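# Residue-level structure breakdown
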Amino acid sequence: MKKKVKVVERDAVVIKFAGDSGDGIQLTGSQFSDTSAFLGNDLATFPDYPAEIRAPQGTIAGVSGFQIHIGHKEVQTPGDQADVLIAMNPAALKANMKWIKNGATIIIDMDNFDARHYKKAEYIEDPLYDGTLEGYNVIKAPITDMTRDVVKEFGLDALTADKTKNQFVAGLLFWLFHRDIKIGEKFLRDRFKSKPELIDANIEVLRAGYNYAETLEAIATVFEVKPAERGPGLYRNINGNVAIAWGLLAAAEKAKRKLYLGSYPITPASEILQELTKMKHLNAIAFQAEDEIAGVCSAIGASFAGCLGVTSTSGPGLSLKSEGIGLAIITELPLVVVDVQRGGPSTGLPTKTEQADLMQALYGRHGESPCIVLASSTPADCFDFAYEAARLSMEHMTPVILLSDGYLANGSELWKIPKVDELPAIHPPLVQDNDPSYQPYNRDPKTLARYWAIPGQEGLRHRVGGLEKADVTGEISYDPFNHEFMTYTRSEKIQRVAQRIPLQKVMGKEKGDLLVVGWGGTYGALFTAVKELQSDKYNISLAQFNYINPLPTNTAEIFSGFRKIVVCELNLGQFVNYLRSQLPQFTYLQCNKIQGLPFLISELKIRFKDILKKEQKS
Amino acid sequence: MTFEGNHCEISAQDFKMDKPARWCPGCGGHAVLAAVQRALPACGTKIENVVFVSGIGCSSRFPYYINTYGFHGLHGRGAAIATGIKIANPNLSVWLVTGDGDSMAIGGNHFIHLLRRNLDINILLFNNKIYGLTKGQYSPTTPKGTVTKSSPDGTIENPFLPGELAMGAQGTFFARVVDNNMDMMMDVFTQAAQHKGTSLVEVLQNCVIFNDDIHIEIADKNLREENQLYLEHGKPMLFGKDRKKGIIQTGGKFYIVKIGENGVRQEDILIHDAYKYDDTRHYMLARMILPDYPAAMGVIRCTDSTIYEDALYNQIEHARHKSLIKSVDDLLTSGNTFRMG
């Protein structure tokens with residue numbers, strides 16, 4: 001007989017999983033996201049893990065986290081603070097106390113709350129009794145012991161047995177969120193398809209967690225988050241890295257070009273390489289190069305040979321690729337460079353997010369070397385902007401740098417699956433064999449793109465290279481006026497892209513007291529903060545930029561509609577300084593954060609209100 | 001060589017450009033270019049399928065001087081560009097022209113990885129043991145002690161032997177030619193083109209301006225018979241004016257002997273086996289240097305091994321055959337999806 005519990009409906013809930021980096025936190029997190037998506041919740045996730053693979057157990061430095069925000073209404077961020085915290089050890093509790101709401105539910109693994117673990121977490125007093133947890137709903141569960149009990153009969157080794165304890169937590173949450181446990185069981189059957197010996201053990205632990213929760217006095221009410229009110233269609237949960245890989249695949253298919261990725265593994269971009277190595281059945285080639293430079297150079301070679309050449313990396317790798325990008329600019333070949341930004345400079349904060357590569361993307365090359373620069377702004381729209389980067393690169397025969405970041409790369413959200421048919425057409429400027437008018441540096445009069453003649457084609461033999469080329473013929477030229485002409489032409493070619501991209505949109509009214517300007521991955525937090533202030537009757541709007549260079553043609557017009565402009569970014573002010581150089585007629589305020597973490601909605605609202613308050617006074 | 005079908009016969013002339021090559025008069029590059037243009041028609045590749053790729057340096061201007069598809073790349077990165085081209089389209093005949101600075105120094109990493117992967121690319125390594133285009137600094141192959149613009153007191157670095165690097169990187173084809181022997185170059189370039197896998201041909205090239213006569217003891221017409229051991233697969237390792245000198249091996253070491261002296265007979269002389277997979281003897285041959293030994297010339301090593309692009313395209317074919325996902329639409333709707341509304 002099931003215990004009678006009160007079911008409380010919630011519009012949104014934020015759950016944070018935290019434990020040692022070997023505790024299976026990321027797995028439990030993605031399992032919970034998948035089941036939430038399956039149940040139709042809108043969601044956004046954010047994994048937060050240390051740079052070390054297995055940092056010292058039980059220490060604050062070793063805490064791995066996974067935050068998920070599920071909602072009945074539209075969810076734009078993984079949430080500022082959690083309603084439910086799962087802390088597998090004292091370090092996980094300590095590291096997350098400031099990230100949970102007052103009165104939150106905290107589930108702890110009692111078996112790890114002992115003197116030894118307190119010492120590792122640098123607790124002086126016992127946090128269970130020193131008042132730290134006063135006002136919270138604490139569920140003290142002997143998770144490790146009970147898990148070991150359950151799996152005894154399966155004869156697993158101690159390490160494997162302990163790894164199943166994340167399923168105990170999952171079981172608890174299935175109860176707490178009033179979910180059908182069968183969905184969790186199905187996930188495990190799929191997940192361990194190749195290791196069937198683990199299926200039964202994991203399912204048993206999942207059930208044990210669920211049954212245990214049912215007996216708990218501490219759980220008087222359970223939550224239910226109803227399916228989201230998204231439009232009809234087919235959806236899936238997707239993260240930014242996978243979305244980029246798939247967007248590139250879609251663009252290659254649309255343009256009837258083979259996709260070639262040349263990359264070197266680097267956090268947090270490696271998953272793009274890994275994802276594309278699995279896409280051989282779609283004729284995609286992913287080449288793991290010997291270094292970052294070989295990655296970009298091989299991609300340029302592949303583009304010369306007719307492929308959509310792509311290289312993916314993070315900030316340090318982008319630095320190494322600079323010379324190669326310059327080569328693609330002067331040879332005027334397609335090249336997509338994906339930079340999944342992380343904290344810098346140097347090795348910096350490899351697993352944390354930041355937006356500090358913007359200046360490098362815009363200007364980080366020798367010579368006059370303009371580049372198209374795009375930025376994606378949600379995990380799912382990484383698909384759209386990877387596609388757009390490939391489209392612009394092929395149609396304009398020039399490199400495109402796409403800026404993503406660690407937050408988008410690993411974060412996931414619900415994505416309405418598009419049909420390839422409905423994506424914009426891509427027309428690379430190809431040439432017919434034996435075209436008598438072909439000259440290597442003849443250009444399309446509209447776009448100024450040169451034509452793409454491909455080795456193997458008859459009657460189009462030609463040479464490209466890094467030396468300055470004579471207009472039209474493409475022969476080596478040291479002529480001073482030719483160099484000036486070609487430099488202007490390459491610059492003009494990029495400027496004309498502005499005619500072939502959408503106008504900038506504004507979220508909110510087109511005139512007002514304050515325009516919040518953001519770019520790339522800060523969208524979710526900025527959108528939510530602005531939306532909330534709008535519903536509080538503030539005169540505030542948001543313009544989130546995806547097209548960085550060139551800027552949309554209506555940018556100045558939008559800016560002129562507001563009394564104040566604040567540019568928010570996760571760096572010391574790179575976009576704002578770019579805007580100051582491009583549109584110096586406006587005055588820009590700044591809102592910067594450089595902690596390796598995304599903006600919080602709450603901190604943004606405080607800042608915006610502060611600006612608006614001063615606005616009223618003035 | 002004639003081509004079947006609609007292709008008319010191509011000759012060296014078809015590979016020539018209207019304008020002359022801009023190398024110094026007397027530069028070894030001119031002869032190498034002529035040898036390549038004369039060897040290519042015999043290689044049996046359609047002219048539009050030939051691609052010349054290079055890095056930076058005097059030798060790397062090569063693609064501008066030959067009438068094929070060409071890519072003049074970045075310093076040291078020619079190997080990486082060529083790799084991308086070959087993987088993108090394995091039907092292309094890809095040639096990488098590079099120098100001792102370009103591929104032994106700044107491009108050393110790409111060079112060894114190209115050999116290790118064994119893509120079917122032909123490398124012509126112009127080794128003049130000096131930086132020419134930057135006007136006379138020492139290179140990684142410059143003999144120790146040499147005074148150059150950047151080593152006024154003599155270099156204090158040990159030079160690379162390209163053959164040693166090639167063997168260390170598991171290269172499957174290594175040959176050495178000298179720029180004043182047209183027949184040798186044409187013969188070896190043809191064999192390099194026919195070899196399936198990465199072929200490295202070290203061209204001992206003269207730089208008339210900054211390192212004149214650096215290879216004179218090997219190249220000189222009066223010395224070459226004594227100082228060059230021209231290797232041919234299946235033939236004895238004989239050299240010298242009357243071809244009476246030969247190589248024998250005792251223990252782990254080569255010795256120079258003379259047929260007829262100390263009871264040495266013709267059949268005692270080592271027979272060159274270029275095809276052997278074990279590279280021990282190829283390595284010893286590549287390391288022979290004057291004055292103790294003659295310089296080994298011709299094809300030193302030519303052995304079969306898995307070719308990168310073959311293995312890759314086999315995996316692709318297998319995946320395409322096996323997978324039910326045939327398009328991006330299939331991919332997007334595969335796995336965990338949820339219908340709403």
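Only a predicted model underlies this, so the values are computations on that prediction, with no experimental measurement involved. (Residues numbered from 1 in each chain as written. Chains lettered and ligands numbered in written order. Predicted model: local features only at pLDDT ≥ 70, side-chain atom pairs only at ≥ 80, totals over all residues.)

### What to know about the overall build of chain B
Basically, it comes down to this: Helix and strand assignments follow DSSP, with helices taken as H or I runs no shorter than four residues and strands as E runs no shorter than two, numbered in order from the N terminus. Put simply, the radius of gyration uses C-alpha atoms, and a globule should come to 2.2 Å times the residue count raised to 0.38. Every C-beta atom is placed from the backbone, and the number of other C-beta atoms within 10 Å of a residue's own sets its class: buried at 20 or more, exposed at 12 or fewer, partly exposed in between. Contact between residues is assigned whenever the C-beta positions, reconstructed from backbone atoms, fall within 7 Å.
For chain B, the count of helices and strands is 11 helices and 12 strands. For chain B, the C-alpha radius of gyration of 23 Å lies close to 20 Å, the compact-globule estimate for 341 residues. On the principal axes, the C-alpha backbone points of chain B span a range of 95 × 50 × 45 Å. Per-residue burial for chain B yields a buried fraction of 47% across its 341 residues. A separation threshold of at least 6 residues defines the contact pool for chain B, and within that pool the share at least 24 residues apart is 66%.

### As for the overall build of chain A
Check the secondary structure of chain A and you find 20 helices and 22 strands. Radius of gyration (C-alpha) of chain A: 26 Å, near the 25 Å computed for a compact globule of 618 residues. For chain A, the spread of C-alpha atoms along the principal axes amounts to about 85 × 65 × 45 Å. Buried positions account for 55% of the 618 residues belonging to chain A. Summarising the internal contacts of chain A: among those between residues at least 6 apart in sequence, 77% fall at separations of at least 24.

### Some words on helix α4 (residues 108-117) of chain B
Residues and elements named next belong to chain B. For clarity, the threshold we go by: Directions are taken from the helix axis to each C-beta atom, and the arc is the one they span.
Residues of α4 that are buried include every one of H110, F111, L114, L115 and R117, and no others. Across the axial projection of α4, the buried residues extend over an arc of 170 degrees, all falling on one side. Among the residues trailing α4, N118 stands out with phi positive, at a value near 60 degrees.

### A closer look at the interface of chain B and chain A
Formally: Throughout, the ten residues Ala, Val, Leu, Ile, Met, Phe, Trp, Tyr, Cys and Pro are labelled nonpolar, Asp, Glu, Lys and Arg are labelled charged, and all others, Gly among them, are labelled polar. Following DSSP output, two strands are said to pair if at least two bridges run between them.
Facing 46 residues of chain B, the contacting portion of chain A comprises 59 residues. Elements with a contribution of two residues or more to the side of chain B that touches chain A: β2 (69-72), α2 (78-88), α4, α10 (308-322), α11 (328-332) and β12 (338-340) of chain B. Of all the elements, α2 of chain B adds the most residues to the side of chain B that touches chain A, at eight residues. Looking at side-chain class alone, the side of chain B that touches chain A contains 21 nonpolar, 20 polar and five charged residues. Across three bridges, strand β17 (residues 463-465) of chain A lies against β2 of chain B in parallel orientation.

### Here we look at the domain arrangement of chain A
By convention, interface size is frequently given as the accessible area that disappears when the constituent parts associate. Residue and element names in this part refer to chain A. As a reminder of what qualifies: Residue ranges for the domains trace back to a domain assignment, done automatically or taken from a database.
What the domain assignment lists for chain A is domain 1 (6-224), domain 2 (236-422) and domain 3 (512-617). Once you take the C-alpha centre of each, domain 1 and domain 3 turn out to be 36 Å apart. If you look at the interface, domain 1 gives four residues, while domain 3 gives seven residues. Among the residues forming the side of domain 1 that touches domain 3, the class breakdown is one nonpolar, two polar and one charged.

### With respect to the sheet that holds strand β21 (residues 562-569) of chain A
Residue and element names in this part refer to chain A. Heads up, the rule is: To obtain each axis, a line is fitted to C-alpha atoms, and for helices this fit is confined to the stretch in contact; angles are then taken between N-to-C directions over 0 to 180 degrees.
One open sheet accounts for four strands, arranged β19-β18-β21-β22; its pairing is parallel. Each of the sheet's edge strands pairs with one partner strand only, and the pair in question is β19 (540-545) and β22 (589-592). Averaged over neighbouring strand pairs, the angle between their axes works out to 25 degrees when direction is ignored. Where β21 lies against β22, four bridges are found, and the strand directions are parallel.

### Some remarks on the sheet that holds strand β1 (residues 50-54) of chain B
Ordered in space as β17(A)-β2(B)-β1(B)-β3(B)-β4(B)-β6(B)-β5(B)-β11(B)-β7(B), the nine strands form an open sheet in which the pairing is mixed. The outermost strands of the open sheet, each flanked by one partner alone, are β17 of chain A together with β7 (228-231) of chain B. Strand-to-strand twist across the sheet, computed as the mean angle between neighbouring axes with direction ignored, equals 20 degrees. Two strands pair when backbone bridges link them, and β1 of chain B and β2 of chain B are joined in this way by four bridges, in the parallel orientation.

### Here's the deal with the pairing of strand β4 (residues 121-127) of chain B
All names here are of chain B. Of all seven residues making up β4, seven are buried, and the element is well covered by its neighbours. Of the strand pairs in this sheet, strand β3 (residues 93-99) and β4 are connected by six bridges, and their pairing is parallel. By the bridge assignment, V94 is partnered in β4 with I121. By the bridge criterion, six bridges tie β4 to strand β6 (residues 199-204) in an arrangement that is parallel. Looking at the pairing, I123 lines up with L200 of β6.

### A closer look at the packing of helix α4 (residues 143-151) of chain A against helix α8 (residues 199-215) of chain A
Residues and elements named next belong to chain A. Selection criterion: Comment on the angle field: the value is read as roughly parallel under 35 degrees, roughly antiparallel over 145, roughly perpendicular from 65 to 115, and oblique elsewhere. Crossings are classed by handedness, with left-handed meaning an anticlockwise turn of the near helix from the far one by less than a right angle and right-handed meaning a clockwise turn.
Contact geometry of α4 with α8 gives a least axis separation of 9 Å together with a crossing angle of 135 degrees. One element, α4, and the other, α8, form an angle in the oblique class. Taken as a pair, α4 and α8 cross one another with a handedness that is right-handed. On α8, the residues touching M146, T147, V150 and V151 of α4 are A201, E204, V205, A208 and Y212. Partitioned by chemical class, the residues of the contact of α4 with α8 number seven nonpolar, one polar and one charged.

### Things to note about the environment of P152 of chain B
With respect to the helices and strands, the residue P152 of chain B is situated in the loop between β4 and α5 (162-168). Considered as a pair, P152 of chain B and R281 of chain B are 129 residues apart in the sequence and their alpha carbons are 37 Å apart.

### A few points about unusual backbone geometry
In this structure, P550 of chain A follows N549 of chain A across a cis peptide bond, with omega equal to -5 degrees. Secondary-structure assignment places P550 of chain A in the loop between β20 (547-549) and α18 (555-559). In this model, L290 of chain B is joined to P291 of chain B through a cis peptide bond whose omega is 5 degrees. Mapped onto the fold, P291 of chain B is located in the loop between α9 (280-287) and β11 (295-302). The phi dihedral of K256 of chain A is positive, around 55 degrees, even though this residue is not glycine. Tracing the sequence through the fold places K256 of chain A in the loop between α9 (240-255) and β10 (259-263).

### A look at the pairing of strand β12 (residues 308-313) of chain A
Residue and element names in this part refer to chain A. Just so we agree on the cut-off: Place the viewer so that the strands point away; then a crossover is right-handed whenever the path from the first strand over the helix to the second strand goes clockwise.
Summarising burial for β12: six of the six residues are buried, a large majority. Of the two faces of β12, the one holding L308, V310 and S312 and the one holding G309, T311 and T313 are both buried throughout. In this structure, β10 lies alongside β12, joined through three bridges in parallel fashion. In the sheet register, L259 faces β12, and the bridge partner there is L308. The sheet contact formed by β12 and strand β13 (residues 335-341) spans four bridges and is parallel. Among the inter-strand pairings, T313 is bridged to a residue of β13, identified as D339. Crossover β12 to β13 through helix α12 (residues 315-331) is right-handed.

### Some details on the environment of A61 of chain A
Tracing the backbone through its elements, the reader meets A61 of chain A in the loop between β3 (42-48) and β4 (63-71). The spatial distance from the C-alpha of A61 of chain A to the C-alpha of D513 of chain A is 43 Å, given a sequence separation of 452 residues.

### Considerations on the packing of helix α11 (residues 292-304) of chain A against α2 of chain B
With their axes 6 Å apart at the nearest point, α11 of chain A and α2 of chain B run at an angle of 45 degrees to one another. The orientation of α11 of chain A relative to α2 of chain B falls into the category oblique. In this structure, α11 of chain A meets α2 of chain B at a crossing whose hand is right-handed. Contact residues: I293, A294, C297, S298, A299, I300, G301, A302 and F304 of chain A in α11 of chain A; A80, I81, A82, T83, G84, I85, I87 and A88 of chain B in α2 of chain B. Residues belonging to the contact of α11 of chain A with α2 of chain B are distributed by class as follows: 13 nonpolar, four polar and no charged.

### Here we look at helix α10 (residues 270-277) of chain A
By the burial criterion, the buried members of α10 of chain A are E271, I272, L273, E275 and L276 of chain A. Tucked inside the fold, the buried residues of α10 of chain A contact α9, β10, β11 (285-288), β12, β13 and α15 (406-410) of chain A.

### Considerations on the confidence of the model for chain B
This is how it is decided: Confidence per residue, as judged by the predictor, is encoded in pLDDT with a range of 0 to 100.
Here chain B averages 95 in pLDDT, while 98% of its residues score no lower than 70. Among the scores for the predicted complex, ipTM is 0.97 and pTM is 0.95.

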